[in-house]
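A look at the structure
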Amino acid sequence: MPEKPDLDRYPELAERWNRRNFIKSAAAGTALMALGGAFVRLAADDLTKAARAATRPDGRSKLPPGQRVLEFLRPMGGDAGDGKSETFKLRVHGLVKHPFEVDYDNLLKLPQVEKIADVHCVTGWSMLDGKWKGVQIKKLAEVAEIKPEARFVILEAANGFTANIPLKEAFADNALITYRLNGKPFALDHGAPVRGLIPDLYFWKSSKWLTGVKFVKDDQPGFWETRGYHNHADPWKEERYG
Ligand SMILES: Nc1nc2c(c(=O)[nH]1)N[C@H]1C(S)=C(S)[C@@H](COP(=O)(O)O)O[C@H]1N2
Ligand SMILES: [Mo]
């Protein structure tokens, strides 16, 4: 390794010296990144193996068949809303005695829960043990006084996106209207400011950019359900396509 020239005495060498170091550090950075990538893949492979071997408290496999573990949510696209909590409004309506609308501040005044939950994307990745914060869908039903004839929830989102969920799954303890994952607000890509979360159905049921929760009697297949995906979407039964 050549010694650093005295750049005060030989300023004409400064550019070459800096350039050399830039190239060196860029190369080191690339190597580190490649190494980092390999570690990330290795770690994810290990997590996948461990999750395949693990059993959930409800007796199901921690990892549904045909899934592999990712450490972060992969942004899967969609027709985004404006993402702002200042303009956020959620309508709770349909077969309820007291339909209501909440803005972001009032959403936070409803009873809040934090749940550890896994999500499973139909494209084959799962993200395990996220800490999700928000309001239970069954709490919204209780506050609005759901009518006995209601059998499904429609999670309505910006630009007309909907997902249909049977009450059984929508009333699970970990089925939420959520605005935090692992302590952080959602990026716009991931449904800011508030998204649905139905952990035990494929992730397409978890509407991003949420605008409404509607209780209905008759099933109403939603955006993906009318585009070839399964109406129910149980990952353990691999209900991927309709
Ligand atoms: N409003 C809305 N929500 C949506 C979608 C969409 O297209 N629009 N896509 C769904 C699909 S197919 C998946 S897999 C998840 C992806 O969430 P992510 O981008 O945060 O990973 O969001 C779901 N929620
Ligand atoms: Mo998806």
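Counting restarts for each chain, with residues numbered from 1 along the sequence as it is written. Labels follow written order: the first chain is A, the first ligand is 1, and so on. Predicted model: local features are reported for residues with pLDDT of at least 70 only, side-chain atom pairs are reported and counted for 80 or more only, and whole-chain, interface and lining totals are derived from all residues. The basis for every side-chain value is the complete set of heavy atoms in the structure, and neither hydrogens nor water enter the calculation.

Some points on the overall build of the protein chain
For the protein chain, the count of helices and strands is four helices and 10 strands. Moving toward the C terminus, one meets the helices and strands of the protein chain in the order α-β-β-β-α-β-β-α-β-β-α-β-β-β. Taking all 242 residues of the protein chain together, 42% fall into the buried category. For the protein chain, restricting intrachain contacts to residue pairs at least 6 apart in sequence, the fraction spanning at least 24 positions comes to 66%. Only the protein chains shown count as cover for residues, and the accessible areas themselves come from Shrake-Rupley with a 1.4 Å probe. Roughly 13200 Å² of accessible area belongs to the protein chain as shown, and the carbon and sulfur atoms make up 55% of that amount. Note on conventions: DSSP H or I runs of at least 4 residues are helices, E runs of at least 2 residues are strands, and numbering of each starts at the N terminus. Exposure categories follow from relative accessible area, calculated using a 1.4 Å probe and restricted to protein chains: below 20% of the type maximum is buried, above 50% is exposed, and the middle band is partly exposed. The contact definition used throughout considers only heavy atoms, calling two residues in contact when any of these lie within 4.5 Å.

Quick word on the site of ligand 1
Definition of nearness: a residue and a molecule or strand are near each other if at least one heavy atom of the residue lies within 4 Å of the molecule or strand. The environment of ligand 1 is made up of 20 residues, and the closest members are Arg74, Met76, His190, Arg195 and Lys208. Polar contact criterion, stated in full: a pair of N or O atoms within 3.5 Å, where within protein one must be able to donate a hydrogen and the other to accept it, and residues adjacent in sequence count only if both atoms are side-chain atoms. Note that an oxygen atom of ligand 1 is positioned 2.8 Å from one of the backbone N or O atoms of Met76. Contacts to ligand 1 include Arg195, whose side-chain N or O atom sits 2.7 Å from an oxygen atom. Cavities and pockets were defined on a 1 Å grid built from protein atoms only: a cavity is a group of points that admits a 1.4 Å probe but offers it no way out, a pocket is an open group of points flanked by protein on both sides within 12 Å along at least five of seven lines, and a lining residue is one with an atom within 4 Å of any such point. For a molecule to be placed in a cavity or pocket, more than half of its atoms must lie within 2 Å of the grid points of that cavity or pocket. When atoms are counted within 2 Å of each cavity's grid points, the one that captures over half of ligand 1 is the largest pocket. By the convention adopted, Pro, Cys, Tyr, Trp, Phe, Met, Ile, Leu, Val and Ala count as nonpolar, Lys, Arg, Asp and Glu as charged, and the other residues, Gly among them, as polar. When the residues that make up the shell around ligand 1 are grouped by side-chain class, the tally is 11 nonpolar, five polar and four charged.

Describing the layout of surface pockets
For the largest pocket, the calculated volume is near 490 Å³. Here the residues of the lining of the largest pocket are counted per class, giving 15 nonpolar, seven polar and four charged. Grid points are joined across faces, edges and corners, and a volume is the space filled by probe spheres set on the points.

What to know about the packing of aromatic side chains
To pair, rings of Phe, Tyr and Trp, with the six-membered ring standing in for Trp, must have centres within 6.5 Å; the planes then decide the type, stacked if under 30 degrees apart, edge-to-face if over 60, and tilted in the middle. Evaluation of the coordinates by the stated rule reveals 11 aromatic pairs. Here the aromatic rings of Trp224 and Tyr229 are separated by 5.5 Å at their centres, their planes lie at 85°, and the arrangement is edge-to-face. Classification of Trp224 as partly exposed rests on a relative accessible area of 33%. Judged by its relative accessible area of 21%, Tyr229 is partly exposed. Counting every residue linked through ring pairs, the aromatic cluster contains Phe161, Tyr202, Trp204, Phe223, Trp224, Tyr229 and Tyr241. Both a distance and an angle decide whether a charge sits over a ring: NZ of Lys or CZ of Arg must be within 6 Å of the ring centre and within 35 degrees of the ring normal. Between Arg60 and the ring centre of Trp236, over which it is positioned, the NZ or CZ distance is 4.2 Å. The ring of Phe223 is capped by Arg227, whose NZ or CZ atom sits 3.7 Å from the centre of that ring.

Side note on the pattern of salt bridges
Only one rule defines a salt bridge in this text: a Lys or Arg side-chain nitrogen within 4 Å of an Asp or Glu carboxyl oxygen. Taken as a whole and judged by the stated rule, the model has 11 salt bridges. Residue Lys97 pairs with Glu145 through a salt bridge whose shortest N-O separation is 3.7 Å. Placement of the pair is Lys97 in the loop between strand E2 (89–94) and strand E3 (100–103) and Glu145 in the loop between helix H3 (137–144) and strand E6 (152–157), with a sequence separation of 48 residues. Judged by its relative accessible area of 53%, Lys97 falls in the exposed class. Linking Glu238 and Arg240 is a salt bridge whose minimum nitrogen-to-oxygen distance equals 2.8 Å. Looking at Arg240, the relative accessible area reads 10%, which means it is buried.

What about the pairing of E6?
Summarising burial for E6: six of the six residues are buried, a large majority. Along E6, one buried face is formed by Phe152, Ile154 and Glu156 and the opposite face, lined by Val153, Leu155 and Ala157, is buried too. DSSP-based pairing: two strands are paired if at least 2 bridges between them are found. Here five bridges tie E6 to strand E7 (residues 162–166), and the two strands are oriented antiparallel to one another. Paired with Glu156 across the bridge in E7 is Thr162. Hairpin remark: E6 followed by E7, antiparallel, with four residues in the connecting loop; positive phi at Asn159, about 60°.

Some remarks on the pairing of E2
The sheet contact formed by E2 and E3 spans four bridges and is antiparallel. Note that in E3 the partner of Leu90 across the bridge is Val102.

Quick notes on the nonpolar core
Counting residues in each nonpolar core, the largest one holds 36 residues, and the members touching the most others are Leu90, Leu107, Ile177 and Val213. Counting residues per element, this core draws most heavily on H3, which supplies four residues. Setting aside residues no more than four positions away along its own chain, Leu90 makes contact with Phe100, Glu101, Val102, Leu107, Leu140, Ile177, Leu210, Thr211, Gly212 and Val213. Within the second largest apolar cluster, 14 residues are counted, among which are Leu73, Ala117, Met127 and Trp132. To qualify as a nonpolar core, a set must consist of buried Ala, Val, Leu, Ile, Met, Phe, Trp, Tyr and Cys residues joined through side-chain atoms within 4.5 Å.

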